[in-house]
Amino acid sequence: LSLTETNGATFAGLDEFHLQFQALASLSRRAWVFQDVTLTHPFAHIIRRKDGSFNFDNLVAPGNAVAAAKPAPAAVLPAVVVESLRLQGASLEADDLTGSAAFHDVVTPINLQLTNFTTMSNAAAAFVFSAVTDADEKFEASGQITLQPLQSSGSINVHGVDLKRYGSYLTAFTTAQVIDGKVD
């Protein structure tokens, strides 16, 4: 499955989507129960153009249409339980053309595992996340996440992040310049 941009370039897709629905458990638990939801090798290529627009802007309603729309009342989420939710071998390619020098990054593999994820109130799910950039920067997180209310606890580990590589993004917040350094 893949989505293409209007110019024919591939925007996003995935190799495999696996969904295992549990009908009897759904009836007894009064919730949509899925034993397994797995996305294998999902990918996306996000481009921020020089004018600040994104390559996916045509997929969402224009800002004026959203602002003019009357806000809808807060909806209650349907009761859903996903015993195992996995994102396996995902990749994200990003290009930012707004700065004086273009920025390019590829993050792969991205892996996420959620256990007993639910939309029910005050029910925490265990999660494990990892990602590696093309500059061998590593991001890892694990812990618990609750959807209602939205909160998380756990640990985050960052390894080998080259601060100079992201220095151009600091100019919007400070006049400080990053000469060198790594976060480990």
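Structure report, in brief. (Residues numbered from 1 in each chain as written. Predicted model: local features only at pLDDT ≥ 70, side-chain atom pairs only at ≥ 80, totals over all residues. Heavy atoms only, no water.)

Some remarks on the side chain of Thr146
Within the fold, Thr146 resides in strand 9 (residues 138–146). Excluding residues within four positions of it along the chain, Thr146 makes contact with Asn122, Ala123, Ala124 and Gln151. (Helix = DSSP H or I, 4+ residues; strand = E, 2+ residues; numbered from the N terminus. Contact = heavy atoms within 4.5 Å.)

Thoughts on the packing of aromatic side chains
Per the stated rule, a full pass over the model turns up five aromatic pairs. An angle of 40° between the planes, with centres 6.1 Å apart, marks the rings of Phe11 and Phe56 as tilted. Taken together, the residues Phe11 in strand 2 (residues 10–13) and Phe56 in the loop between strand 5 (43–48) and helix 2 (63–68) connect sequence positions 45 residues apart. Ring centres of Phe54 and Phe56 lie 5.1 Å apart, and the angle between their planes is 25°; on these two criteria the pair is classed as stacked. On the accessibility criterion, Phe54 (27% relative accessible area) is partly exposed. A relative accessible area of 25% places Phe56 in the partly exposed class. Taken together, the ring pairs in this structure connect Phe11, Phe54 and Phe56 into an aromatic cluster. (Phe/Tyr/Trp six-rings, centres within 6.5 Å; stacked < 30°, edge-to-face > 60°. Buried < 20%, exposed > 50% of the residue type's maximum accessible area, 1.4 Å probe, protein only.)

Without other data, these values stay purely geometric and don't point to any function.
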